[in-house]
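Residues per chain are reported as follows:
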Amino acid sequence: MKNKKMIVLLLVMVLIIATAGCVKEKPGTEAAIVNGEVITVQEYEETLEVYKSMYKNQYGDEVLETEIQPGVTLLQYLQENILENMIFERIIYQEALKNNLTVDDAELDELMTEYKTFFGDEQAYADFLTSNNMKEEFLKNSLRTDEVIQKYVDFYMESLVISEEELIKYYEENIDKFVSVKARHILVNSMEEAEDILEQINNGADFSELAKTFSQDTTSAVNGGDLGFFYKGQMVPTFEEAAFGLEIGEVSEIVPSDFGFHIIKLDDRSEGFDDKRELVLSEYKNIKYGERMDELENQSEIERKLKL
């Protein structure tokens, strides 16, 4: 879970916010008030401008007007969701401070040094700030906030006491999520070719060698069509349904998908609580953390002042 501030995460995923702090503002300058603490309009607008610049730099000037769902442009989505994320992160930040989880200046300097190494030199770093309409102070505050929040995530996860009975109960109630299969496949472009290959397999030809020779999935073909282990939800529905319905060693009929025509062989299946315990524990902890976040939000006094 530890995030080392990879640039790509900053560009695409992390909703950065300005530093937390109690600020008394004149009427009309508050974007939101979270448990008595102000998120200013200036903080909000600065964050929004950074995100607008990031997306335009990566996808072009017109991206903000792109509809990401009917009637909602990316710009409209950012305008609303950036504020909501700033509110949510402020709640977590406040809870972290209550638990004496902070980042001092020495830690922040170390984070900044580590972050800058991704750019190679100072000029590339300066160009990044300029092109994304970002001040260095804004970045420093964002890194500090993100690190404090991460400390709280780690602190909360480590403090959880979960019994074996709880884990087993969760596993049994969600058993389908924890079954994985190991399969290989041959992908071709036509039904006729798939029928010919399946006939060869049924007559004793080696599946792996046929995959190396004929499969259009070049990534897996070099390994005899091996896809490794995967869980439900990771493959297209028709492929997944066929793969999970096979017995170990069994070869499927021809399975059509948007990619072409597949022939699948099941190599292995992994299930059972003992084999999946660590995965079950990790997912259960994430669920408990989500419940804690809902609890903190419900307990917080939030005033949304900005009209979006």
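As the structure is a computational prediction, the values presented were derived from the model and not from experiment.

**Describing the overall build of the protein chain**
No. 1: For the protein chain, the count of helices and strands is twelve helices and nine strands.
No. 2: The C-alpha atoms of the protein chain give 25 Å as radius of gyration, which overshoots the globular expectation for 308 residues (19 Å, by more than 25%).
No. 3: Dimensions of the protein chain, computed from the C-alpha atoms along their principal axes, are close to 80 × 50 × 40 Å.
No. 4: Buried residues in the protein chain amount to 42% of all 308 residues.
No. 5: Here the contacts in the protein chain between residues at least 6 apart in sequence split such that 70% fall between residues at least 24 apart.
No. 6: When the accessible surface of the protein chain is split by element, carbon and sulfur atoms take 48% of a total near 17,100 Å².
No. 7: Looking at charge distribution, the protein chain has the averaged site of its 30 positive side-chain charges lying 7 Å from that of its 64 negative ones.

**Considerations on a negative patch on the surface**
No. 1: On the surface, a cluster of negative charge is contributed by E192, E195, D196 and E199.
No. 2: You can see E192 is positioned in helix 8 (residues 191-202).
No. 3: You can call E192 exposed: its relative accessible area is 58%.

**Quick word on the packing of helix 7 (residues 164-173) against helix 12 (residues 273-299)**
No. 1: Relative to each other, helix 7 and helix 12 sit at 95°, their axes nearing to 9 Å. Taken as axis vectors, helix 7 and helix 12 run roughly perpendicular relative to one another. Packed against helix 7, whose contacting residues are E164, E166, L167, I168, Y170 and Y171, the element helix 12 presents F273, R277, V280, L281, E283, Y284 and I287 at the interface.
No. 2: The residue makeup of the contact of helix 7 with helix 12, split by class, is nine nonpolar, no polar and four charged.

**Quick look at helix 12**
No. 1: The sharpest bend along helix 12 measures roughly 40° and falls at L279.
No. 2: For helix 12, every residue scored as buried is listed here: F273, K276, V280, L281, Y284, Y289, R292, M293 and L296.
No. 3: Those residues of helix 12 that are buried lie in contact with helix 3 (74-98), helix 6 (136-159), helix 7, strand 5 (180-188), strand 6 (226-231) and strand 8 (260-270).

**A few points about the nonpolar core**
No. 1: Among the nonpolar cores identified, the biggest contains 48 residues, and L78, M134, L139, Y152 and Y289 are the most heavily contacted of them.
No. 2: Going through the elements one at a time, strand 1 (30-34), helix 2 (41-59), helix 3, helix 4 (105-116), helix 5 (122-131), helix 6 and helix 12 are the ones with two or more residues in this core.
No. 3: Sorting elements by how many residues they give to this core places helix 3 first, with eleven residues.
No. 4: Every residue in contact with Y289, bar those within four places of it in the chain, is listed here: I92, Y152, V153, Y156 and M157.

**What to know about the side chain of R144**
No. 1: Mapped onto the secondary structure, R144 falls in helix 6.
No. 2: Setting aside residues no more than four positions away along its own chain, R144 makes contact with Y93, V103, D104, D105 and L108.

**Overview of the pairing of strand 2 (residues 37-40)**
No. 1: The two faces of strand 2 match: E37 and I39 on one face and V38 and T40 on the other face are all buried.
No. 2: Here four bridges tie strand 1 to strand 2, and the two strands are oriented antiparallel to one another. Residue pairing across strands places V34 opposite E37, the latter belonging to strand 2.
No. 3: Counted between consecutive antiparallel strands, the loop separating strand 1 from strand 2 contains two residues, among which N35 sits at a positive phi close to 50°.

Basis of the calculations
- Numbering of residues starts from 1 in each chain and follows the order in which that chain's sequence is written.
- It should be noted that, the model being predicted, local features are given only for residues of pLDDT at least 70 and side-chain atom pairs only at 80 or more, the latter also being counted only at that level, while totals for whole chains, interfaces and linings use all residues.
- Note that water and hydrogens are dropped before the side-chain values are worked out from all heavy atoms of the structure.
- A helix here means a DSSP run of H or I that spans at least four residues, while a strand means a run of E at least two residues long, and both kinds are numbered starting from the N terminus.
- It is over C-alpha atoms that the radius of gyration is taken, and the globule rule equals 2.2 Å times the number of residues to the power 0.38.
- Three exposure classes are used, based on accessible area relative to the maximum for each residue type with a 1.4 Å probe and protein chains only: buried under 20%, partly exposed in between, and exposed over 50%.
- The contact criterion used is simple: two residues touch if any of their non-hydrogen atoms lie within 4.5 Å.
- Throughout, the Shrake-Rupley method with a 1.4 Å probe supplies accessible areas, and for residues the shown protein chains are the sole cover considered.
- Charged residues are defined here as Lys and Arg on the positive side and Asp and Glu on the negative side; His and the ends of the chain fall outside this count.
- Taken as the charge location is NZ of Lys, CZ of Arg, CG of Asp or CD of Glu.
- Each patch is assembled from residues with relative accessible area greater than 30% and no salt bridge, linking like charges that lie within 9 Å and nonpolar side chains (Val, Leu, Ile, Met, Phe, Trp, Tyr) that lie within 5 Å.
- Any carboxyl oxygen of Asp or Glu that lies within 4 Å of a side-chain nitrogen of Lys or Arg is treated as forming a salt bridge with it.
- Convention adopted: a line fitted to C-alpha atoms gives each axis, helices being fitted over their contacting stretch, and angles between N-to-C directions are expressed from 0 to 180 degrees.
- Between 65 and 115 degrees an angle is taken as roughly perpendicular, under 35 as roughly parallel, over 145 as roughly antiparallel, and anywhere else as oblique.
- Nonpolar residues are Ala, Val, Leu, Ile, Met, Phe, Trp, Tyr, Cys and Pro. Charged residues are Asp, Glu, Lys and Arg, and all others, Gly as well, are polar.
- We define the bend at each residue as the angle formed by axes fitted to the 7 residues ending at it and the 7 residues starting at it.
- Within this scheme, the nonpolar core is defined by two criteria: the residues are buried Ala, Val, Leu, Ile, Met, Phe, Trp, Tyr or Cys, and they are joined through side-chain atoms within 4.5 Å.
- At least two DSSP bridges between two strands are required for those strands to pair.

Read these as geometric descriptors, not functional statements.
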